[in-house]
Amino acid sequence: MTAGFQLGVIGSLTLSVASSVAIVICNKALISTLGFPFATTLTSWHLMVTFCTLHVAQRLRFFEAKAIDGQTVVLFGLLNGTSIGLLNLSLGFNSIGFYQMTKLAIIPFTVLLETIFLKKRFSETIKFSLLVLLLGVGIASVTDLKLNFLGSVLSGLAIATTCVGQILTNTIQRKLKVSSTQLLYQSAPYQAAILFATGPFVDQLLTDRSVFAHKYTFPVVGFIVMSCLIAVSVNFSTFLVIGTTSPVTYQVLGHLKTCLVLSFGYTLLHDPFTWRNILGILVAIFGMALYSYFSVREGKKQKCVGDALPVSQMPDKETEPLLVSAKDGGDAKKANGVAHDC
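Being a predicted model, the structure only gives us computed values, none of them experimental.

Trainee: Mind laying out the overall build of the protein, listing which residues take part and the relevant values?
Mentor: When helices and strands are tallied, the protein shows 12 helices and 0 strands. Walking the protein from its N terminus toward its C terminus, one meets helices and strands in the order α-α-α-α-α-α-α-α-α-α-α-α. The burial tally for the protein puts 47% of its 342 residues in the buried class. Within the protein, contacts between residues separated by at least 24 positions form 88% of all contacts whose residues are at least 6 apart in sequence. Roughly 17,100 Å² of accessible area belongs to the protein as shown, and the carbon and sulfur atoms make up 69% of that amount.

Trainee: Describe the packing of aromatic side chains, listing the residues and the values that go with them.
Mentor: Under the criterion given, the structure shown has 4 aromatic pairs. Plain terms: the ring middles of Phe36 and Phe38 are 5.0 Å apart, the flat faces sit at 80° to each other, and that makes the pair edge-to-face. Plain terms: the ring middles of Phe51 and Tyr185 are 5.4 Å apart, the flat faces sit at 15° to each other, and that makes the pair stacked. Remark: Tyr185 occurs in helix 8 (residues 180–207) and Phe51 occurs in helix 2 (residues 39–59); sequence separation between them is 134 residues. Here Phe51 falls in the partly exposed class, since its relative accessible area comes to 25%.

Trainee: Outline the state of the cysteines, listing residues and values.
Mentor: By definition, a disulfide links the sulfur atoms of two cysteine residues through a covalent bond. Throughout the structure, instances matching the rule amount to 0 disulfides. In this structure Cys228 is a free cysteine whose sulfur lies 8.8 Å from that of Cys26, the closest cysteine sulfur available. Note on Cys228: relative accessible area 6%, which makes it buried.

Trainee: Can you tell me about the pattern of salt bridges, naming the residues and giving the values?
Mentor: Under the definition given, this model contains 2 salt bridges. A salt bridge links Lys120 to Glu114, with the nearest nitrogen and oxygen atoms 4.0 Å apart. Exposure class is identical for Lys120 and Glu114. Each is buried. Lys127 is paired through a salt bridge with Glu124; the nearest N and O atoms lie 3.9 Å apart. Highlighted residues: Lys127 and Glu124, both in helix 6 (residues 124–141), separated by 3 residues, approximately one helical turn. A relative accessible area of 60% places Glu124 in the exposed class.

Trainee: How would you summarise the UniProt feature "transmembrane region" (unreviewed entry) in the protein if you had to cite specific residues and measurements?
Mentor: With numbering matched to this structure, UniProt assigns "transmembrane region" (unreviewed entry) to residues 38–60, 72–91, 97–118, 125–143, 149–171, 222–243 and 275–294. This span, residues 149–171, is 100% helix and 0% strand, and a straight line between its end C-alpha atoms measures 33 Å.

Trainee: Explain helix 2 to me, using residue names and the numbers behind them.
Mentor: Under the 1.5 Å per step criterion, the end-to-end length of helix 2 is 30 Å for 21 residues, consistent within 8% with the ideal 30 Å. Taken as a whole, helix 2 has its buried residues at Thr40, Thr41, Leu42, Thr43, Ser44, Trp45, His46, Leu47, Thr50, Leu54, Ala57 and Gln58. Of the residues trailing helix 2, Arg61 is marked for its positive phi of about 70°.

Trainee: Please provide a residue-by-residue account of the packing of helix 3 (residues 70–93) against helix 7 (residues 149–175), values included.
Mentor: Look at helix 3 against helix 7: their axes get within 8 Å of each other, and the N-to-C directions meet at 145°. When the axes of helix 3 and helix 7 are compared, the crossing they make is left-handed. Here the contact of helix 3 with helix 7 is composed, by residue class, of 13 nonpolar, 10 polar and no charged.

Trainee: Give a detailed account of the nonpolar core, specifying residues and quantitative values.
Mentor: Core analysis: the biggest nonpolar cluster contains 17 residues, and Ile107, Ile126, Leu130 and Leu133 have the highest contact counts within it. Those elements that provide at least two residues to this core are helix 5 (106–117), helix 6 and helix 11 (275–308). Within the second largest apolar cluster, 13 residues are counted, among which are Val73, Phe76, Ile172 and Leu184.

Trainee: Could you give an account of a nonpolar patch on the surface, naming the residues involved and the relevant values?
Mentor: A contiguous nonpolar surface patch, about 490 Å² in accessible area, is contributed by Phe109, Leu112, Ile116, Phe117 and Leu118. You can see Phe117 is positioned in helix 5.

Trainee: I'd like to hear about unusual backbone geometry, residue by residue, with values.
Mentor: Glycine aside, a negative phi is what most residues show, and trans is what most peptide bonds show. A positive phi angle, close to 55°, is found at Lys119, a residue other than glycine. Within the secondary structure, Lys119 sits in the loop between helix 5 and helix 6. Residue classification places Lys119 among the exposed positions, given a relative accessible area of 55%. Residues other than glycine seldom take positive phi values, yet Asp208 does so here, at roughly 60°. Look at Asp208 and you get exposed, because its relative accessible area is 68%.

Trainee: Go over the packing of helix 2 against helix 8, please, and point to the residues and values.
Mentor: Any two packed helices are characterised by how steeply their axes cross, that is the angle between the axes, and by the distance between the axes. Two elements in contact, helix 2 and helix 8, have axes separated by 7 Å at closest approach and are oriented at 155°. Our classification of the angle between helix 2 and helix 8 gives roughly antiparallel. Relative to helix 8, helix 2 is oriented so that their crossing is left-handed. Residues of the contact of helix 2 with helix 8, tallied by class, amount to 15 nonpolar, 10 polar and 1 charged.

Trainee: Break down the confidence of the model for the protein for me, citing the residues and quoting the values.
Mentor: Averaged over all residues, the pLDDT of the protein equals 77, while 74% of them reach at least 70. Ranking the helices and strands of the protein by mean pLDDT puts helix 2 first, with 91, and helix 12 (residues 326–336) last, with 34. Long-range and interchain partners of residues 309–342, a stretch whose pLDDT sits below 50, account for 64 contacts in this model, where long-range means more than four residues apart.

Rules behind the numbers
- Residues numbered from 1 in each chain as written.
- Predicted model: local features only at pLDDT ≥ 70, side-chain atom pairs only at ≥ 80, totals over all residues.
- Heavy atoms only, no water.
- Helix = DSSP H or I, 4+ residues; strand = E, 2+ residues; numbered from the N terminus.
- Buried < 20%, exposed > 50% of the residue type's maximum accessible area, 1.4 Å probe, protein only.
- Contact = heavy atoms within 4.5 Å.
- Areas by Shrake-Rupley, 256 points an atom, 1.4 Å probe, with all protein chains shown as cover.
- Phe/Tyr/Trp six-rings, centres within 6.5 Å; stacked < 30°, edge-to-face > 60°.
- Disulfide = S-S within 2.5 Å.
- Salt bridge = Lys/Arg side-chain N within 4 Å of Asp/Glu carboxyl O.
- UniProt positions renumbered as here; feature names shortened; annotations may be inferred.
- Expected span 1.5 Å × (residues − 1).
- Axes fitted to C-alpha atoms, helices over the stretch in contact; angles between N-to-C directions.
- Left-handed = near helix turned anticlockwise from the far one by under 90°.
- Nonpolar A, V, L, I, M, F, W, Y, C, P; charged D, E, K, R; others polar.
- Core = buried A, V, L, I, M, F, W, Y, C linked by side-chain atoms within 4.5 Å.
- Patch = residues over 30% accessible without salt bridge, like charges linked within 9 Å, V, L, I, M, F, W, Y side chains within 5 Å.
- Parallel < 35°, antiparallel > 145°, perpendicular 65-115°, else oblique.
- pLDDT = per-residue confidence, 0-100.

Spelled out as structure tokens, the structure:
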């Protein structure tokens, strides 16, 4: 693995965390303080601004557009747009605690799908570290667990579409040899279209208010513009992280963001917290450290085995996926600051 690639992975992870925390802060002010609760419609605006920004960048030759099979792009864009809408519906029809459980379930379901359909193998140590991580986030963020049939169905669909969408993000970039920018540029219009068409209805169903009847004051418009601009970085870094690492690593990163947002709320916004919240964050951070350590160790081990084999005996990445790819190992190495020799 080259030093340039390692720096690229670190940069994508850092950009993802920083932009995600920033947009949470901005949206919290927009929704809670300024009274603009139309999350799904706002997301469609995010994606439209992202596409327009990438279109300008492409015309200025910052990147080269690459043609991708039309059916693949359309289905991929609609799938990702649908997953966002379902997650918002899940939040609307479930308690906060059950919604948090839905988000937690994405990691084990992603591991399950990759194991069954992509024949990817995860070691017991990796599974244990993910379990510790999920336990910590659950302790910190899950409160009540009130169940209802419709909410449970929506949560199940949200988990399925999110997992498949993130796996496809990684698979399409690797198989078709397209960059995260090229894939996002091609798919963003379709994601925006489905949310733009359904967003006002979903938001009215959840809030009993119309986005068209809302009073758009100068502060509201200002925060909407700021949110859309930050979203360009969020969307770009999401595709970049999944493409350079893996869907599971992206989910681990997502729970790091959850811990950071919770910590921000406790320290700066004076949100109510208990020792259970603090304990959960510490357990989650420990789980992330374990995941990083085991990813580095196993990635290093696979690299040593690969270097020792003759070319004719090298494992075929298409038919025998590695336990943890070299890219995952590099990501974890930099995240944990641990180096190992063969």
